[in-house]
Each structure stands twice: as C-alpha cells, then as structure tokens.
Amino acid sequence: MKAGLVGYAQTGKTTLFNALTGLSVATGAGRAAKANLGVLKVPDVRIDKLSAIFKPRKTIYAEVGLTDVPGPRTKGGGLDSATIQALREADALVLVVRGFEGAEKPDPVRELSDFAAELILNDQIVVERRLERIVKEKGHDREKAALEKCLAVLGEGRSLRQAGLSPDDEREITSYAFLSLRPLLAVLNVGEADAAAQLPDDFAKTAKDLRIEGLLVCASVEAEIASLPKEEQGEFLASMGIAEPASARLIRSVYHLLDYLSFFTVGEDEVRAWNVNRGDKAPRAAGRVHSDIERGFIRAEVMKYDEFIEVGSEVRMKELGKMHVEGKEYVVQDGDILHFRFNV
Ligand SMILES: Nc1nc2c(ncn2[C@@H]2O[C@H](COP(=O)(O)OP(=O)(O)OP(=O)(O)O)[C@@H](O)[C@H]2O)c(=O)[nH]1
Ligand SMILES: [Mg+2]
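Keep in mind the model is a prediction, meaning the values are calculated, not measured.

Per the domain assignment, the segments of the protein are domain 1 (1-100 + 183-260), domain 2 (108-182) and domain 3 (279-342). Look at where the C-alpha atoms of domain 2 and domain 3 centre, and you get two points 40 Å apart.

This paragraph deals with the pairing of strand β4 (residues 62-68). Summarising burial for β4: five of the seven residues are buried, a large majority. By the bridge criterion, four bridges tie strand β1 (residues 2-6) to β4 in an arrangement that is parallel. Within β4, the position partnered with K2 by the bridge is G65. Alignment of strand β2 (residues 36-42) against β4, held across seven bridges, turns out to be antiparallel. Paired with V42 across the bridge in β4 is A62.

As a further point, take the side chain of D280. Along the polypeptide, D280 turns up in the loop between β9 (270-277) and α11 (282-289). Beyond its immediate stretch of four places on either side in the chain, D280 contacts Y330, V331 and V332.

Once that is clear, we can look at helix α2 (residues 45-54). Those residues of α2 lying buried are R46, I47, L50, S51 and F54. For α2, the arc enclosing every buried residue in end-on projection is 135°, short of the 170-degree limit, so these residues lie on one face. Contacts made by the buried residues of α2 are with β3 (58-60), β8 (260-265), β9, α13 (305-311), α14 (314-319) and β12 (336-342). Near the N-terminus of α2, the side chain that reaches the backbone nitrogen of R46, with its oxygen 2.9 Å away, is that of D44. Just beyond α2, the residue with positive phi is K55, at close to 45°.

Applying the stated criterion across every chain, the model contains eight aromatic pairs. Between Y8 and F115 the ring centres are 5.3 Å apart and the planes differ by 85°, which places this aromatic pair in the edge-to-face class. One end of the pair, Y8, is in the loop between β1 and α1 (13-21); the other, F115, is in helix α4 (residues 108-134), and 107 residues separate them in sequence. As far as the burial class goes, Y8 and F115 line up, both buried. Residues F263 and F340 carry aromatic rings whose centres are separated by 6.2 Å and whose planes lie at 85° to one another, so their mutual orientation is edge-to-face. Of this pair, F263 sits in strand β8 while F340 sits in strand β12, and the two are 77 residues apart along the sequence. Overall, F340 belongs to the buried group, its relative accessible area being 11%. Taking the ring centre of F100 as reference, the NZ or CZ of R98 above it sits at 5.9 Å. Taking NZ or CZ as reference, R272 lies 3.9 Å from the ring centre of W274, over its face.

Inspection of the secondary structure assignment puts E118 in helix α4. Accessibility expressed as a relative area gives 11% for E118, which makes it buried.

Quick notes on the rules
Residues numbered from 1 in each chain as written. Chains lettered and ligands numbered in written order. Predicted model: local features only at pLDDT ≥ 70, side-chain atom pairs only at ≥ 80, totals over all residues. Heavy atoms only, no water. Domains from an automatic or database assignment. Buried < 20%, exposed > 50% of the residue type's maximum accessible area, 1.4 Å probe, protein only. Helix = DSSP H or I, 4+ residues; strand = E, 2+ residues; numbered from the N terminus. Pairing = 2+ DSSP bridges. Contact = heavy atoms within 4.5 Å. Arc of directions from axis to C-beta. Polar contact = N/O pair within 3.5 Å; in protein donor to acceptor, adjacent residues only side chain to side chain. Phe/Tyr/Trp six-rings, centres within 6.5 Å; stacked < 30°, edge-to-face > 60°. Lys NZ or Arg CZ within 6 Å of the ring centre and 35° of its normal.

Next up, the structure:
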C-alpha cells in the first residue's frame, strides 16, 4: 500500500516529497514529468522510548511507500490519462494545494474543490460507461444496483466517500478503483511567512464539507528542517515558532489514511515498529516479520505498550501476569509488543 502526493502542477508536491522522504529530486518547472517513488519513516515516540529501554543495536521505524505524481500538464478540461493512471495506483491521496504566492494569486479553496470535483467527474464517466454496457446484458443485478447508487451520488457532485455504500456495494465495485472513494487528505502548502499559522477557516470548512482532514504545511520550511542535522532541528523549529515539524503530523495522518496501525518487536538486537492493517490477526502480523513465522505460527505473547512502560521490564511483566498468550484469532491492537512462538 502506498500514498500518493497529488494535485495541480507547481503546488509544491516534489518539494514536500523531498522533505518527507529525505531524497533530493529536482523541483520546479521543466523537470521530467515522471512519478517519484520514496519511503516515509513514521516517527513514533513509543519506539524512541522502547529503544531507550532495550538499547538495541538497531532501531527501526515503520515505513510507508509514497509516490510523487506530477501535476496535470493542462488545467481545466479534465485530468489527462497519465495523471488518472497515477492516481489509480495510489491507495490513498494526499492532495497538495498551493497557498504560497506565485505567478498567479493562490486560491486554495477553489483549488481544493476543483480537484475534488475532477475525481468525482472521472468516476461519473466510468460509471456511466459501464452502466451503458451492462444494461444490455443479463445478470449483474447487484453490480447494476451498486453502480446506480454511485451514479446518483456522483450526479449530485458528491464523492463516493460520502455515498454511505454498504460493504456489499463496495465489493461489487472494487475492480473500478474509483478515485472519489480513495481516502483523501488535503494539504495546504503556504509560504514561509505563514509556516506557523493555523489552517484558515474557509479551507478547513471546505475540507470538512468534503469529509476529509485538512493540514497546513510550508513545504520549503519542511525541506529546510529535513536538511539540518538532528541537533539543530529543535533550535530552528523554536525560532520559527513551530512545536513539531508539520511533516511528522502529516506522516501520521497518511498512516491513518492507509488504515495502518503499529505493533512492535523488541530485543537487544532490534527495536522495531511494523505496520499492519486495522483488523489484521496475529499470524498476519507474524508474516510481516517473516513468512516462516506466519506459516509456523503457534502463538503470540502480547504486552501492551503503556503497561510495559509503566512496569519497565519483561520479567516483571510476566510476574505480574501482564504478558498475555494469544492464538491465531487474536486481532492485533495499536501499540502491542509481540513475541511470536513458531516452528518450521
Ligand atoms: N514560497 C514557497 N515556494 C514553494 C513552496 N513549495 C514549493 N515552492 C516552489 O514552487 C515551485 C514548484 O515546486 P515543486 O515542488 O516542483 O511543485 P510540484 O507540485 O512538484 O510541481 P509539478 O511536478 O509540476 O506538478 C518551486 O519553484 C518551489 O520552489 C513553499 O512552501 N513556499
Ligand atoms: Mg513535481
């Protein structure tokens, strides 16, 4: 699963991509119009605390894939097919909207609604085409019904996210990879002077109406922070009046957008966070670590992060009966510290 940075041309997607991934892809107009691929390390203070306790040789954060999709070459008149293809390949969309001064005055609210409308229009075209074809065919009754429900919502200019589709409906239409059903996050990219500002009310309201989260960042400031050595980052943030880099919050939001949660593995060798999807069971989590552990899964020993931090050692956790043994049906919870027992 991966998230995609999307939006109109020259809104700061690649600048933000660099800040988030630590890569240095060329920005600005005239660069190659191809998608960039990177990895986000998910900041997590829980990993920092576990690492301070175990003092492992390696400390590893959870990771999420991120693509940087170039903006459409044209504005208005619909998205081009290359852009649509790139949007379809992302499991969640992070829409970057321009709030900084450029050749034209920024109009972020308009840009947000326009892009959201493009996604809706695109889905509408796909639904109409498919319906035209299947009304002539026998069967497909459930699919037809689901598509008609979609068409009614899209026709009102609302996204499929807002359609209240049942799990059955969603199953009927998964193969279409509808864009307005994708989890979406709206990022307002402002100029340096507004880096510490709150999200403007009108933008927040538009995001709320679309049922999505809105966030404010200044991509160029984030890029500058990312380029500083760790020791100097705090000082720089304080001088800008910023408590935490916006990128840390943004990455956490992307993580939630993909419906991920984290479990931890701990030891002297390695303290590590792993992502699983909400609802995944223990063997699936084991498979994240190694496919052999999933295949030979016997049980998982589970400690709750908060309890572990309070108690301070695994031995004491056992003595206190706070290390629980769970089987194949156990649904992994965010913050679980897991030891897997397996045989191969
Ligand atoms: N002042 C200011 N300028 C920015 C910011 N973010 C990006 N820019 C500038 O905007 C221009 C476009 O930035 P890019 O990151 O290349 O934009 P993009 O969205 O990747 O553009 P496309 O790939 O063409 O869609 C560059 O000249 C950046 O320096 C920002 O936060 N503040
Ligand atoms: Mg770019």
